[in-house]
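One letter stands for each residue in the lines below.
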Amino acid sequence: MNRDNEKKVTPDIDEAKMMELMVDGVRKDGFKVPAEEPIQQPEKERPVSRERSRVKSNNQADYEKIFFKEVKSTARHGKSVYIDPDHHKKLSRIVQVIGEDNITIYAYLCNLLDYHFQEFEQQITASFNEKNKPIF
């Protein structure tokens, strides 16, 4: 099939640097990543990259204002959802560091989902209506 012909690009990972980050954490000046030459993407993936680049234009203050605000409900009034352990680790770390332990994972996820539904409302509605044909 066509998938066999596509090569998956995986970045080279500096294991020593990763171990150092796990021990020391990310310093205030950030993590310096060596510049790599751009990877050409197939035509079908370009709209996704345009969408992502538009989202990247938000600055750090906007990100914190959007995603690290309190929500009206509490986890106790929500529903249980299982998430991948790796995602949970990342979410916990983000909430601890960026949110300075002033916000819960529940509130952060609620804000992420609210933003996602706002940002992609038209695409979600169109896809839903296309696939939800009435039986009569």
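The rules behind the values
- Residues numbered from 1 in each chain as written.
- Predicted model: local features only at pLDDT ≥ 70, side-chain atom pairs only at ≥ 80, totals over all residues.
- Heavy atoms only, no water.
- Helix = DSSP H or I, 4+ residues; strand = E, 2+ residues; numbered from the N terminus.
- Buried < 20%, exposed > 50% of the residue type's maximum accessible area, 1.4 Å probe, protein only.
- Contact = heavy atoms within 4.5 Å.
- pLDDT = per-residue confidence, 0-100.
- Axes fitted to C-alpha atoms, helices over the stretch in contact; angles between N-to-C directions.
- Parallel < 35°, antiparallel > 145°, perpendicular 65-115°, else oblique.
- Phe/Tyr/Trp six-rings, centres within 6.5 Å; stacked < 30°, edge-to-face > 60°.
- Expected span 1.5 Å × (residues − 1).
- Arc of directions from axis to C-beta.
- Polar contact = N/O pair within 3.5 Å; in protein donor to acceptor, adjacent residues only side chain to side chain.
- Nonpolar A, V, L, I, M, F, W, Y, C, P; charged D, E, K, R; others polar.

On to the overall build of the chain. Each helix and strand counted, the chain has seven helices and zero strands in total. Listing every helix and strand of the chain by position from the N terminus yields α-α-α-α-α-α-α. Buried positions account for 10% of the 136 residues belonging to the chain. When contacts within the chain are restricted to residue pairs at least 6 apart in sequence, those whose partners lie at least 24 apart make up 62%.

Chain-level pLDDT for the chain is 74 on average; 62% of the residues reach the 70-or-more range. When pLDDT is averaged over each helix and strand of the chain, the minimum, 49, is found for helix α3 (residues 46–56) and the maximum, 94, for helix α5 (residues 85–97). Note that pLDDT drops below 50 for residues 45–50; the model gives that stretch two contacts with residues more than four away or on any other chain.

What follows is about the packing of helix α4 (residues 60–67) against helix α6 (residues 105–119). Contact geometry for α4 and α6: axes closest at 8 Å, N-to-C directions at 105°. By the criterion of interaxial angle, the relationship of α4 to α6 is roughly perpendicular. Two secondary-structure elements touch here, α4 through Y63, I66 and F67 and α6 through Y108, N111, L112 and Y115.

The next thing to look at is the packing of aromatic side chains. This structure, assessed with the given rule, holds five aromatic pairs. Relative to Y108, the ring of F68 lies with its centre 5.0 Å away and its plane at 25°, an arrangement referred to as stacked. Taken together, the residues F68 in the loop between α4 and α5 and Y108 in helix α6 connect sequence positions 40 residues apart. This pair shows no difference in class: F68 is buried, exactly as Y108 is. Joined through ring pairs, the aromatic side chains of Y63, F67, F68, Y108 and Y115 make up one cluster.

In this section: α6. Between its terminal C-alpha atoms α6 stretches 21 Å, which fits the 21 Å expected from 15 residues at 1.5 Å a residue. Among the residues of α6, A107, Y108 and N111 are the ones counted as buried. Down the axis of α6, the buried side of the element spans an arc of 100°, and every buried residue falls inside it. Buried positions along α6 lie against α4 and α5.

Bringing α5 into the picture now. Its 13 residues place the ends of α5 18 Å apart at the C-alpha level, agreeing with the 18 Å of an ideal helix rising 1.5 Å per residue. For α5, the full list of buried residues reads L91, S92 and V95. For α5, the angular spread of the buried residues around the axis is 100°, confining them to a single face. Among the exposed residues of α5, those pointing more than 90 degrees away from its buried face are K89 and K90. Each element contacted by the buried residues of α5 is listed here: α6. In this structure D84 caps α5, since a side-chain oxygen of it lies 2.9 Å from the backbone nitrogen of D86.

This brings us to the packing of α6 against helix α7 (residues 121–131). Describing two packed helices takes the angle between their axes plus the distance from one axis to the other. Where α6 meets α7, the axes come as close as 4 Å, and the angle between the chain directions of the two elements is 70°. Relative to α7, the element α6 is oriented roughly perpendicular. Across the interface between the two elements, H116, F117, Q118 and E119 from α6 touch E121, Q123 and I124 from α7. A breakdown of the residues in the contact of α6 with α7 according to their chemical character gives two nonpolar, three polar and two charged.

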